[in-house]
Amino acid sequence: MEIKIAPSILSADFSRLGEQVAEVTKAGADYIHVDVMDGQFVPPITLGAGGVASLRSWTDLPLDVHLMIHNPERQIESFVRAGANIITVHAEACLHLHRVIQEIKLAGIKAGLAINPSTSLTALDEMLPVLDMVVVMTVNPGYGGQSYIPEMTGKIARLRQILDHQGLAVELEVDGGITPKVAPEAVKAGARVLVAGAAVFASPEGIAAALHHIRQSISQGSR
């Protein structure tokens, strides 16, 4: 069972962001998770398509771009041009959700759909067959360094059961509060991609060691 780790640059040092992306690439990350925030859907404002384009030259890994913004359909084209490989939008932020997902896929990249902790899995019912990735938020979106919400483990497990029952090859990503302690619980529940921010970029032991410890915890937890 392959478990991918997608370090979130939200917790990186923005004064040397490219260098940190290169470092985490060398350390064995699978995706680079880029949180895009507009100050409306969530309180903070982060980077836009220009920032994603600047990261593209620092890594050959897939850029997993998470749009925490209202009306994401206005921005899809610019993020595709910037080099995104996966674009995830929020179910809570889209009026015409199916159309947005179609637009992403027609651009030739993977489409993901994220749901907040309070959003029911039923919000995914009509969308799962057309998705490449579904993201279960395990914190309330907006700020890095939050603690994993334990009630989300059952939600991950229920979604894993739905995906397996329907035979869907949709990546199940979890985002928020992932640490070496929490990672085995999320994986056991059914997660296959783990977004980890502070646990990687803010670790006092350094990026490479932090990634190793997350993978080690998953391996030990599956025994």
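Everything discussed here concerns the structure shown above.
Residues numbered from 1 in each chain as written. Predicted model: local features only at pLDDT ≥ 70, side-chain atom pairs only at ≥ 80, totals over all residues. Heavy atoms only, no water.

## As for the side chain of serine 11
- One can find serine 11 in the loop between strand S1 (4-7) and helix H1 (17-26).
- Here the side chain of serine 11 touches alanine 198 through a polar contact of 3.1 Å, landing on its backbone nitrogen.
- In this structure serine 11 touches Gly144, Gly197, Ala198 and Phe201, once residues within four positions along its chain are discounted. (Helix = DSSP H or I, 4+ residues; strand = E, 2+ residues; numbered from the N terminus. Polar contact = N/O pair within 3.5 Å; in protein donor to acceptor, adjacent residues only side chain to side chain. Contact = heavy atoms within 4.5 Å.)

## Examining the environment of proline 7
- Within the element layout of this structure, proline 7 appears in strand S1.
- Between the C-alpha atoms of proline 7 and alanine 198, which are 191 residues apart in sequence, the distance is 8.7 Å.

## Examining the pattern of salt bridges
- Counted by the stated rule, this structure contains seven salt bridges.
- A salt bridge links aspartate 13 to arginine 16, with the nearest nitrogen and oxygen atoms 3.5 Å apart.
- A relative accessible area of 35% means that arginine 16 is categorised as partly exposed.
- Three or more residues are tied together by salt bridges with common partners; here these are Asp13, Arg16 and Glu19. (Salt bridge = Lys/Arg side-chain N within 4 Å of Asp/Glu carboxyl O. Buried < 20%, exposed > 50% of the residue type's maximum accessible area, 1.4 Å probe, protein only.)

## Concerning helix H8 (residues 207-221)
- Here H8 contains 15 residues, and its C-alpha end-to-end distance of 21 Å stays within 8% of the 21 Å for a straight helix at 1.5 Å per residue.
- All of the buried residues in H8 are Ile207, Ala210, Leu211, Ile214, Ser217 and Ile218. Relative to the axis of H8, the buried residues are bounded by an arc of 125 degrees and lie together on one face. (Expected span 1.5 Å × (residues − 1). Arc of directions from axis to C-beta.)

## Regarding the pairing of strand S5 (residues 110-115)
- Burial analysis of S5 places five of its six residues in the buried class, the great majority of the element.
- Looking at chain direction, strand S4 (residues 86-90) and S5 are connected through five bridges and run parallel. Bridge pairing links isoleucine 87 to alanine 111 in S5.
- Handedness of the crossover joining S4 and S5 through helix H4 (residues 97-106) is recorded here as right-handed.
- The pairing of S5 with strand S6 (residues 133-137) spans four bridges and is classified as parallel. Bridge pairing in S6 places glycine 112 opposite methionine 133. (Pairing = 2+ DSSP bridges. Right-handed = clockwise from strand over helix to strand, strands pointing away.)

## Examining the sheet that holds strand S7 (residues 171-175)
- Overall, parallel pairing links the eight strands, which are arranged S1-S8-S7-S6-S5-S4-S3-S2 in an open sheet. Either end of the sheet is taken by a strand with one partner, and the two such strands are S1 and strand S2 (32-37). Sheet twist, expressed as the average angle between the axes of neighbouring strands with direction ignored, equals 25 degrees.
- In this sheet, strand S3 (residues 63-68) lies alongside S2 in parallel orientation, the contact comprising six bridges. (Axes fitted to C-alpha atoms, helices over the stretch in contact; angles between N-to-C directions.)

## Describing unusual backbone geometry
- Despite not being glycine, asparagine 71 shows a phi value in the positive range, around 50 degrees.
- Along the chain, asparagine 71 falls in the loop between S3 and helix H3 (76-82).

## Details of the environment of threonine 122
- Inspection of the secondary structure assignment puts threonine 122 in the loop between S5 and S6.
- A relative accessible area of 55% places threonine 122 in the exposed class.
- In this structure, the C-alpha to C-alpha distance between threonine 122 and alanine 210, residues 88 residues apart in sequence, is 35 Å.
- Polar contacts involving the side chain of threonine 122 include one to the side chain of serine 120, which spans 3.0 Å.

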